[in-house]
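Remarks on the overall topology
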Amino acid sequence: MTAFESIKQSLAADISGLNRLIRSNLLSGNPLMDTVIEQYLTTKGKQIRPIIVMLCARMFGPIDQKVLNAAAAVELLHNASLIHDDVVDEAKLRRNHPTVNAVWDNHIAVLVGDFFVSTALQRAIDTGDIRIIEAIGQLGKLLSLGEIDQIYNARQHTLTEDAYFKVIDFKTASLFVACAKIGCFAVEASPAATDKLQRVAQLLGLCFQIRDDIFDYFDAAKVGKPTGNDLREGKVTLPLLHVLRRGDIAHSSEMLQMVQADVLSEEQIAQLIAFARDNGGIDYAYRRMADLRNEAVAILADLQSAGVEVGALTDLFDYIIAREL
């Protein structure tokens, strides 16, 4: 059993309650909407984000209905963002299953995504905590800004690590931060502990996106997208960014000029991927994740000294960095 499987097992009853809550709140009475949603729910992911809500809440109190509503709100908003992203990206697969837009069309996919957003807000309201409602509302803004920043950077060929980290902080880490925040709010954790767990969650989210980006440099058919898909969309991620700016690597200036083209051929994409892999780009990305993890472990050790059980979050870092899917 992996560390993540162990975490899920320890939360099994609560995760089942979460999924019952989500399913019951997505029932609309409309045959088409219910059919699309039922099909979508059969392909749900690992639910890492609501698990973070539960883990943070469990450190300071019980996982009660308020925690479950908070976890459902963030999971529903996350799934809404995935459905909308698939429309924007014209994606045909997610988790090796056809996307909503691929099966039903963009019109229906957008409406289903909107339905998820509204249901997320309802679950946040049912917590009765204005801080959680505000966090969910702010999260929607950050997710949108992260995607817009990524599109802007791709069109403007902005090729800096600072710009990259700003994008992944908004589009991915902000969701993890919200999970920690609302989990703490739901059980009235202290402001100091809440701040620390928000930073841990931010570091976890950054690791998650860096690891996700690494998949694009290898045969990633099993995760439902072809190698080089980011480059096809004009997105230059950390492994390639690192090697492009190193003057000590042969052909770096040539590759830098190549990547700034508006359209890349399949041959050029293959060259750029090989350039990043062969010159230490992947190793560099892993080193950055290790640095982020080490910072988080130091914060968690401080919480541990105060008697808080934090082992599951450390295990979650190791799982995310080592994951193959």
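Remember, it's a predicted structure, so these values are computed and weren't measured experimentally. (Residues numbered from 1 in each chain as written. Predicted model: local features only at pLDDT ≥ 70, side-chain atom pairs only at ≥ 80, totals over all residues. Heavy atoms only, no water.)

1. Focus on the overall build of the protein chain
Put simply, the test is: The secondary structure listing takes helices from DSSP runs of H or I that are at least 4 residues long and strands from runs of E that are at least 2 residues long, numbered from the N terminus. When we talk radius of gyration, it's over C-alpha atoms, and the globule rule is simply 2.2 Å times the number of residues to the 0.38. Only protein chains enter the calculation, and the probe is 1.4 Å; a residue is then buried if its accessible area is under 20% of its type maximum, exposed if over 50%, and partly exposed in between. Residue contacts follow a heavy-atom distance rule, with two residues in contact if any of their heavy atoms lie within 4.5 Å. All accessible-area figures derive from a Shrake-Rupley calculation using a 1.4 Å probe, and residue coverage is judged against the displayed protein chains alone. When charges are tallied, Lys and Arg are placed among the positive residues and Asp and Glu among the negative ones, while His and the ends of the chain are skipped. Just so you know, the charge point we use is NZ for Lys, CZ for Arg, CG for Asp and CD for Glu.
Scanning the protein chain from terminus to terminus reveals 16 helices and two strands. Relative to its length of 325 residues, the protein chain is compact, with a C-alpha radius of gyration of 20 Å against a globular reference of 20 Å. The dimensions of the protein chain, computed from C-alpha atoms along their principal axes, are 60 × 55 × 35 Å. Here the protein chain, with 325 residues, has 52% of them falling under the buried criterion. Considering only contacts in the protein chain between residues 6 or more positions apart, those separated by 24 or more positions represent 76%. With the model as given, the accessible surface of the protein chain reaches about 14600 Å², and the carbon-plus-sulfur share is 53%. One finds the centroid of the 32 positive side-chain charges in the protein chain at a distance of 2 Å from the centroid of its 42 negative side-chain charges.

2. Brief notes about the pattern of salt bridges
Any two side chains of opposite charge can pair, on the condition that their charged atoms come close. Stated formally: In what follows, salt bridge is the name for a side-chain nitrogen of Lys or Arg lying within 4 Å of a carboxyl oxygen of Asp or Glu.
Tallying each qualifying case throughout the model produces 16 salt bridges. Between Glu161 and Arg288 there is a salt bridge whose closest N-O contact spans 2.9 Å. Taken as a pair, Glu161 in helix H9 (residues 161-186) and Arg288 in helix H15 (residues 281-305) lie far apart in primary sequence, 127 residues in all. The salt bridge partner of Arg323 is Asp212, with a shortest N-O separation of 3.5 Å.

3. Some remarks on the environment of Ile7
Looking at the secondary structure, you find Ile7 in helix H1 (residues 3-10). Through-space distance from the C-alpha of Ile7 to that of Ile182 is 19 Å; in sequence the pair is 175 residues apart. Leaving out residues up to four positions away in the same chain, Ile7 has contacts with Ile51, Leu55, Ala312, Asp315 and Leu316.

4. Focus on a nonpolar patch on the surface
Worth spelling out the cut-off: Nonpolar side chains (Val, Leu, Ile, Met, Phe, Trp, Tyr) within 5 Å and like charges within 9 Å form the patches, drawn only from residues with over 30% relative accessible area and no salt bridge.
The grouping of Val88, Ile148 and Ile151 at the surface amounts to a nonpolar patch, some 270 Å² of accessible area in total. As for its position among the elements, Ile151 is in helix H8 (residues 130-156).

5. Some remarks on helix H10 (residues 191-215)
Defined as follows: The span expected for a helix works out to 1.5 Å for each residue beyond the first.
If you check H10, its first and last C-alpha atoms are 37 Å apart, about what 25 residues at 1.5 Å a residue would give, namely 36 Å. Most of H10 is tucked away: 19 of the 25 residues are buried.

6. Here's the deal with the packing of helix H2 (residues 12-26) against helix H3 (residues 31-41)
Selection rule: Every axis corresponds to a line fitted to the C-alpha atoms, with the helix fit spanning only the stretch in contact, and the corresponding angles, defined between N-to-C directions, vary from 0 to 180 degrees. Working definition: roughly parallel below 35 degrees, roughly antiparallel above 145 degrees, roughly perpendicular at 65 to 115 degrees, and oblique for all remaining angles. Helix crossings are classified by the rotation of the near helix relative to the far one: an anticlockwise turn of less than a right angle makes the crossing left-handed, while a clockwise turn makes it right-handed. In this classification, Asp, Glu, Lys and Arg are treated as charged, Ala, Val, Leu, Ile, Met, Phe, Trp, Tyr, Cys and Pro as nonpolar, and every other residue, Gly included, as polar.
The N-to-C vectors of H2 and H3 enclose an angle of 160°; their axes lie 10 Å apart at closest approach. Between H2 and H3, the angle is such that the two are roughly antiparallel. The two elements H2 and H3 cross, and the hand of that crossing is right-handed. For the pair formed by H2 and H3, the contact residues are Ile22, Arg23 and Leu26 on the first element and Asp34, Ile37, Glu38 and Leu41 on the second. For the contact of H2 with H3, a count of residues per class yields four nonpolar, no polar and three charged.

7. With respect to the layout of surface pockets
Formally: A 1.4 Å probe that fits but cannot get out identifies a cavity on a 1 Å grid over protein atoms alone, an open set with protein on both sides within 12 Å along at least five of seven lines counts as a pocket, and a residue lines either if it has an atom within 4 Å of a point. Grid points are joined across faces, edges and corners, and a volume is the space filled by probe spheres set on the points.
Roughly 270 Å³ of volume is contained in the second largest pocket. At the level of secondary structure, the elements contributing two or more residues to the lining of the second largest pocket comprise helix H5 (65-89) and H8. Among the elements that make up the lining of the second largest pocket, the one with the highest residue count is H8 (five residues). Its residues assigned to classes, the lining of the second largest pocket comprises three nonpolar, one polar and six charged.

8. A word on H3
Using the following cut-off: Think of the arc as the fan of directions from the helix axis to the C-beta atoms. Pairs of N or O atoms within 3.5 Å make up the polar contacts considered here, provided that, within protein, one atom can donate a hydrogen while the other can accept it, and that residues adjacent in sequence are counted only when both atoms are side-chain atoms.
Every buried residue of H3 is accounted for by Met33, Val36, Ile37, Tyr40 and Leu41. Axial view of H3: buried residues confined to an arc of 130°, hence all on one face. Looking at the buried side of H3, the elements it contacts are H2, H5, helix H6 (100-104) and helix H7 (106-126). Here H3 starts with a cap whose side-chain oxygen sits 3.0 Å from the backbone nitrogen of Leu32, and that cap is Asn30.

9. Comments concerning the side chain of Asp216
Structurally, the position occupied by Asp216 is in the loop between H10 and helix H11 (229-232). A polar atom in the side chain of Asp216 sits 3.1 Å from the backbone nitrogen of Asn229.

10. Some remarks on the side chain of Thr99
The topology assignment puts Thr99 in the loop between strand S2 (97-98) and H6. Exposure remark for Thr99: the relative accessible area of 3% places this residue in the buried category. A polar side-chain atom of Thr99 sits 3.0 Å from a polar atom in the side chain of Asn101. Residues in contact with Thr99, not counting those within four places in the same chain, are Asp86, Ala91, Lys92, Leu93 and Arg94.

11. Some words on the packing of aromatic side chains
The condition is simple: Pairs were defined over the aromatic rings of Phe, Tyr and Trp, the Trp ring being its six-membered one, requiring ring centres within 6.5 Å. Orientation was assigned from the angle between planes: stacked under 30 degrees, edge-to-face over 60, tilted for the rest.
A full pass over the atoms with the stated rule returns four aromatic pairs. For the pair Tyr40 and Phe116, a centre-to-centre distance of 5.5 Å together with 75° between the ring planes defines the contact as edge-to-face. Note that Tyr40 is positioned in helix H3 and Phe116 in helix H7, a separation of 76 residues in sequence. On the basis of relative accessible area, Phe116 is assigned to the buried category, the value being 1%.

12. Here's the deal with the environment of Arg245
Mapped onto the secondary structure, Arg245 falls in the loop between helix H12 (238-244) and helix H13 (252-259). On the basis of relative accessible area, Arg245 is assigned to the exposed category, the value being 52%. Linking Arg245 and Arg20, residues 225 residues apart in sequence, is a C-alpha distance of 49 Å. Once residues within four sequence positions are removed from consideration, Arg245 is found in contact with Leu159 and Leu256.

13. Remarks on the state of the cysteines
For clarity, the threshold we go by: By definition, disulfides here are pairs of cysteine sulfur atoms that lie within 2.5 Å.
All chains considered together, the criterion is met by zero disulfides. You can see Cys56 has no disulfide; the closest cysteine sulfur is in Cys184, sitting 5.1 Å from it.

14. Details of the environment of Leu256
Residue position: Leu256 is located in helix H13. Residue contacts for Leu256: discarding those within four places in its chain leaves Leu159, Leu244 and Arg245.

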